[in-house]
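If you want the building blocks of each chain, they are given just below.
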Amino acid sequence: MHARFTAAFSQLSAALQTALAPLLEQDEFPAFLTAAQAEAVKQASGLDDDALAFALLPLAAACSLAPVSEFFVGAVARGLSGNLYFGANMEFAGTPLQQTIHAEQCAVTHAWMRGERGLASITVNYTPCGHCRQFMNELNSGTGLTIRLPGRAPATLGDYLPDAFGPRDLNITTLLMDETRHGLSSSNQDPLTQQAVAAADQSHAPYSRSYSGVALEAEDGAVFTGRYAENAAFNPSLPPLQAALILMNLSGRDLRHIRRAVLAETQGSLLTQWPATQATLLALGCKNSEHHLL
Ligand SMILES: O=c1ccn([C@H]2C[C@H](O)[C@@H](CO)O2)c(=O)[nH]1
Ligand SMILES: [Zn+2]
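Residues numbered from 1 in each chain as written. Chains lettered and ligands numbered in written order. Predicted model: local features only at pLDDT ≥ 70, side-chain atom pairs only at ≥ 80, totals over all residues.

1. Some remarks on the UniProt feature "domain: CMP/dCMP-type deaminase" (unreviewed entry) in the protein
In the numbering used here, UniProt assigns the feature "domain: CMP/dCMP-type deaminase" (unreviewed entry) to residues 48-168 and 187-294. Between the C-alpha atoms that bound residues 48-168 there is a distance of 35 Å. The span itself is 29% helix and 18% strand. In this annotation, residues 187-294 is assigned 30% helix and 23% strand; the end-to-end C-alpha distance for the span is 10 Å. (UniProt positions renumbered as here; feature names shortened; annotations may be inferred. Helix = DSSP H or I, 4+ residues; strand = E, 2+ residues; numbered from the N terminus.)

Set out below in structure tokens:
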């Protein structure tokens, strides 16, 4: 089991420990449970869907990187498939606070990057901040998304975000997690570049149409990709590097072990991710970053 989970795992009920041990002891626990795995864990532990999501929160929070706040937030997103995806907040020393990833953004992006096409609910160990409420209002579940917090009755995003401003106010109909392709391709045959291009092709950038994606190669050869996710209110948008860092962190790898990085983005568009991407990578000790214009 990855060392970050041991303390949280030891606090779980005996039945839940027995049910989760085979998953956590895999060579690389991917920080999500398939619907079938979640069903088996429910059977073995006697927990229902909601109780299981709450019980998993300490494990999700154990994935937090919080050198600034030392405030460890965990989230578990349930996809329409029934899969359960972990999320945790991630802070980056040596960068502006704007580079921070909230636990809710992490869980949502995790689900999206693994091909989930919508969310049913999200369970969080603290009340979601305004920025997260706005970030989640970009999802195709709209204000109907169920939010579960400790000690509160389940409520919807609409309850937590009354009078919401969202994509429809800007006449946008393709929502976050909707299937989308922009027809982007590149003749460059480098595999890492191709992965960054594929991520850009599936990015959510209906406001700027500045599509972008990132591919990271870890020192052990593993590759992590990230798609850009824009938000109707602009500031809660999540850059493509952050999406890739989410998958790398959740895999259990140290973010200071990036061997090579590629940012692919559309040429001549209004926005660019390049300076911020390069700066955050430098703060993580990665000097080997490339900019591929499409
Ligand atoms: O809804 C919230 C509120 C805060 N945080 C994180 C962001 C930052 O890392 C830390 C302190 O705000 O907690 C979240 O993950 N979700
Ligand atoms: Zn937040």
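2. Comments concerning the sheet that holds strand 1 (residues 32-33)
Pairing in this open sheet of six strands is mixed, and the strands run 1-3-2-4-5-6 from one edge to the other. In this open sheet, the two edge strands, each paired with only one partner strand, are strand 1 and strand 6 (155-156). Two elements, strand 2 (residues 74-79) and strand 3 (residues 84-88), share five bridges in a ladder whose sense is antiparallel. Residue pairing for strand 3: alanine 77 is matched across the bridge by tyrosine 85. (Pairing = 2+ DSSP bridges.)

3. Digging into the site of ligand 1
Looking at ligand 1, there are 13 residues lining it, with Val73, Asn89, His102, Ala103 and Cys129 nearest. The class makeup of the residues in the shell around ligand 1 is seven nonpolar, four polar and two charged. (Near = placed C-beta within 6 Å. Nonpolar A, V, L, I, M, F, W, Y, C, P; charged D, E, K, R; others polar.)

4. Notes on helix 10 (residues 274-283)
Those residues of helix 10 lying buried are Thr277, Thr280 and Leu281. All buried residues of helix 10 fall inside an arc of 100 degrees around its axis, so they share one side. In this structure, the buried residues of helix 10 make contact with strand 7 (212-218), helix 9 (240-250), strand 9 (258-265) and strand 10 (289-293). Positive phi appears at glycine 285, one or two residues downstream of helix 10, with a value of about 90 degrees. (Buried ≥ 20, exposed ≤ 12 C-beta atoms within 10 Å, placed from the backbone. Arc of directions from axis to C-beta. Contact = placed C-beta atoms within 7 Å.)

5. A word on the domain arrangement of the protein
Each assigned domain of the protein is listed here: domain 1 (30-166) and domain 2 (191-293). Taken over C-alpha atoms, the centre of domain 1 sits 21 Å from the centre of domain 2. In this assembly, 23 residues from domain 1 lie in contact with 19 residues from domain 2. In terms of residue class, the side of domain 1 that touches domain 2 is built from 13 nonpolar, nine polar and one charged. (Domains from an automatic or database assignment.)

6. Some remarks on the sheet that holds strand 8 (residues 223-227)
Taken in spatial order, the four strands of this open sheet run 8-7-9-10, and their pairing is mixed. At either end of the open sheet lies a strand with only one pairing partner, and these are strand 8 and strand 10. Direction aside, the axes of adjacent strands within the sheet are offset by 15 degrees on average. When strand 7 meets strand 8, the two strands line up antiparallel, connected through five bridges. Note on strand 8: the bridge partner recorded for alanine 215 is threonine 225. (Axes fitted to C-alpha atoms, helices over the stretch in contact; angles between N-to-C directions.)

7. Topic: the UniProt feature "binding site: Zn(2+)" (unreviewed entry) in the protein
UniProt tags His102, Cys129 and Cys132 as "binding site: Zn(2+)" (unreviewed entry). Judged by maximum C-alpha separation, these annotated positions cover 31 residues in sequence but sit close together in space, the widest gap being only 9.0 Å. Turning to its location among the elements, histidine 102 is positioned in the loop between strand 3 and helix 5 (103-113). Using a count of 23 C-beta atoms within 10 Å as the deciding quantity, one classes histidine 102 as buried. Among all residues touching histidine 102, those that are not within four sequence positions of it are Val73, Asn89, Cys129, His131 and Cys132. Mapped onto the elements, cysteine 132 comes out in helix 6 (residues 130-136). Given 26 C-beta atoms within a 10 Å radius, cysteine 132 is considered buried. Setting aside chain neighbours within four positions, we find cysteine 132 in contact with His102, Glu104 and Gln105.

8. Details of the environment of asparagine 188
Assignment of secondary structure puts asparagine 188 in the loop between helix 7 (157-160) and helix 8 (191-201). For asparagine 188, a count of 15 C-beta atoms within 10 Å puts it in the partly exposed group. Taking C-alpha positions, asparagine 188 is 9.3 Å from histidine 292, a pair spaced 104 residues apart along the chain. Here asparagine 188 is in contact with Thr193 and His292, once residues within four sequence places are set aside.

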